[in-house]
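Chain by chain, the residues:
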Amino acid sequence: MYENAGTGGHVPVMLDRVLELMAPALTGARPVVVDANLGLGGHSEALLARYPSLHVIGIDRDPFAVDFATRRLAPYASRTTLLHASSDQLASLLAREGHATVDGVLFDLGVSSPQLDEAERGFAYSYDAPLDMRMDTEQELTAEKVVNTYSAAELTRILRDYGEERFAPRVAGLIIKERAKEAITSTKRLAEIVRQAIPAATRRTGGNPAKRTFQALRIEVNAELAALEAALPAALDALALGGRVVVLSYHSLEDRLTKQVLTARTKDTSPPGLPVPLPAHQPRFRLVTRGAELPSEEEVARNPRAASARLRAAERIRVDDQD
């Protein structure tokens, strides 16, 4: 599947900034970093090359990605543990591997370049392919099943909540109508149905009108937000003192959830009006980025898929019995 995904053309998003943010956490004798969305392994490769004593635990739900990254990171095989799993299993995976704490966790969210570029995966509306969209090709739920079996109300909710599609009821309604004639099994047919459902005036701006629907289906099929909702708190809990988490997100839903989790963990929760803050209510973490950082214009020119990236990071500043 990934045989043609040569590393020469793969540019890890905001790599220099990720390395810069992780650096203060990796000064110990044997630091450990979790790459919670391993993908092609570009970030992990750079970290392993820079830190000779670093051990990386790489997690990815896509078995093809794990296989590719295993080959790519072969020179560092003694310092890597690569696992076919979902990031929402992070806590149990660390327990199984015997790591009570780690020094860094990187989340590079969203769909990987090969998943978009391999037509048969069905992620992209620019190719005609089976409606699949599974990151983990071993799971049962596919986009075809969602499109052909979910109710109008369920489809509307997914398109509205995950795709932020303001014409969600119209799109869902036309999907229901068209699938009654014949099952919707290809990306091309679904993209055409969406195009027909979107008013002509709206279609003239904002790029391909199918973009939001395809994003919504991908998130539903892979339970992406639910995975992040479980994995990010688990990552924060696992950090050693001085450890850092770095999150790269690619749409507003991921970034909003990341912001909410990090903000909650970096707030003083002492009741207002107290003369002295209560130790038990002091934050265990601090933000190390101001808002969401964006890629530079130079990076976007070099790597157009970085254009939608948003980066946030936090550091553990306190460990006590309350954790």
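Residues numbered from 1 in each chain as written. Predicted model: local features only at pLDDT ≥ 70, side-chain atom pairs only at ≥ 80, totals over all residues. Heavy atoms only, no water.

Peer 1: How would you summarise the environment of E45 if you had to cite specific residues and measurements?
Peer 2: Structurally, E45 is set in helix α2 (residues 42-50). A residue is classified by how much of its surface remains accessible, and E45, at 27% relative accessible area, is partly exposed. In the structure, E45 is positioned 24 residues away from A69 in sequence and 9.0 Å away in space, judged by C-alpha atoms. Those residues in contact with E45 that lie beyond four places of it in its chain are R72, L73 and Y76. A distance of 2.9 Å separates a polar atom in the side chain of E45 from a polar atom in the side chain of R72. (Helix = DSSP H or I, 4+ residues; strand = E, 2+ residues; numbered from the N terminus. Buried < 20%, exposed > 50% of the residue type's maximum accessible area, 1.4 Å probe, protein only. Contact = heavy atoms within 4.5 Å. Polar contact = N/O pair within 3.5 Å; in protein donor to acceptor, adjacent residues only side chain to side chain.)

Peer 1: Residue-level account of the sheet that holds strand β2 (residues 55-60), with values.
Peer 2: Strand order in the open sheet formed by 7 strands is β3-β2-β1-β4-β5-β7-β6, and the pairing between neighbours is mixed. Looking at which strands have only one partner, the edges of the open sheet turn out to be β3 (80-84) and β6 (285-287). Going from strand to strand, the sheet's axes swing by 15° on average, the running direction of each strand aside. In terms of strand pairing, β6 meets strand β7 (residues 310-316) through 3 bridges, oriented antiparallel. Directly across from F285, in β7, lies its bridge partner R316. Helix α12 (residues 224-238) contacts β4 (102-108), β5 (239-249), β6 and β7 of the sheet and is inclined by roughly 155° relative to β5. (Pairing = 2+ DSSP bridges. Axes fitted to C-alpha atoms, helices over the stretch in contact; angles between N-to-C directions.)

Peer 1: Could you give me a rundown of the confidence of the model for the protein, with the residues and numbers involved?
Peer 2: In the predicted model, the protein carries a mean pLDDT of 90, and the fraction of residues at 70 or more is 90%. Of the regions scoring below 50 in pLDDT, residues 1-8 engages in 20 contacts with residues more than four places distant in sequence or in other chains. (pLDDT = per-residue confidence, 0-100.)

Peer 1: Lay out the side chain of T258 with the relevant residues and their values.
Peer 2: Mapped onto the fold, T258 is located in helix α13 (residues 252-265). Apart from the residues within four sequence positions on either side, T258 is in contact with L228, L232, V247 and R312.

Peer 1: Can you lay out helix α11 (residues 211-222) for me, pointing to particular residues and giving the numbers?
Peer 2: For α11, with 12 residues, the first-to-last C-alpha span of 17 Å sits near the 16 Å given by 1.5 Å per residue. Taking burial as the measure, the 12 residues of α11 include 10 buried ones, the bulk of the element. Among all positions of α11, only T213, F214, Q215, A216, L217, R218, I219, E220, V221 and N222 are buried. Against α6 (143-149), α7 (152-163), α8 (168-181), α9 (187-197), α12 and α13 lie the buried residues of α11. Positive phi shows up at A223, right after α11, with a value of about 45°. (Expected span 1.5 Å × (residues − 1).)

Peer 1: Lay out the pattern of salt bridges with the relevant residues and their values.
Peer 2: Under the counting rule described, the total for this entry stands at 17 salt bridges. Its salt-bridge partner being R265, residue D237 comes within 3.0 Å of it at the nearest N-O pair. One end of the pair, D237, is in helix α12; the other, R265, is in helix α13, and 28 residues separate them in sequence. Several salt bridges share partner residues, and in doing so they unite R17, E20 and E293 into one network. (Salt bridge = Lys/Arg side-chain N within 4 Å of Asp/Glu carboxyl O.)

Peer 1: Lay out α8 with the relevant residues and their values.
Peer 2: In this model, α8 (14 residues) spans 21 Å end to end at C-alpha, consistent with the 20 Å of a helix rising 1.5 Å per residue. Taken residue by residue, α8 has A168, V171, A172, L174, I175 and E178 as its buried positions. Buried positions in α8, seen along its axis, are confined to an arc of 165° and lie on one side of it. For α8, the exposed residues lying more than 90 degrees away from the buried face are P169, K177, A180 and K181. In this structure, the buried side of α8 is in contact with α6, α7, α9 and α11. (Arc of directions from axis to C-beta.)

Peer 1: Lay out the packing of α7 against α8 with the relevant residues and their values.
Peer 2: Where α7 contacts α8, the two axes come as close as 8 Å, and the packing angle between them is 135°. As far as their axial angle goes, α8 and α7 are oblique. Viewed along their axes, α7 and α8 form a crossing whose handedness is right-handed. Two secondary-structure elements touch here, α7 through A152, L155, T156, L159 and R160 and α8 through A168, P169, V171, A172, I175, I176 and R179. Classifying every residue of the contact of α7 with α8 by side-chain character gives 9 nonpolar, 1 polar and 2 charged. (Parallel < 35°, antiparallel > 145°, perpendicular 65-115°, else oblique. Left-handed = near helix turned anticlockwise from the far one by under 90°. Nonpolar A, V, L, I, M, F, W, Y, C, P; charged D, E, K, R; others polar.)

Peer 1: Could you give an account of the nonpolar core, with specific residues and numbers?
Peer 2: Counting residues in each nonpolar core, the largest one holds 31 residues, and the members touching the most others are I175 and L190. If we ignore the near neighbours within four places in the chain, the residues touching I175 are V147, L155, I184, L190 and I193. Core analysis: the next-biggest nonpolar cluster, separate from the first, contains 30 residues, V13, L19, L21 and L311 among them. (Core = buried A, V, L, I, M, F, W, Y, C linked by side-chain atoms within 4.5 Å.)

Peer 1: Account for the pairing of β7, with residues named and values stated.
Peer 2: Within β7, 6 of the 7 residues are buried, leaving the element largely enclosed by the surrounding structure. Pairing analysis gives 6 bridges linking β5 to β7, with the strands arranged antiparallel. Bridge pairing in β7 places R244 opposite E315.

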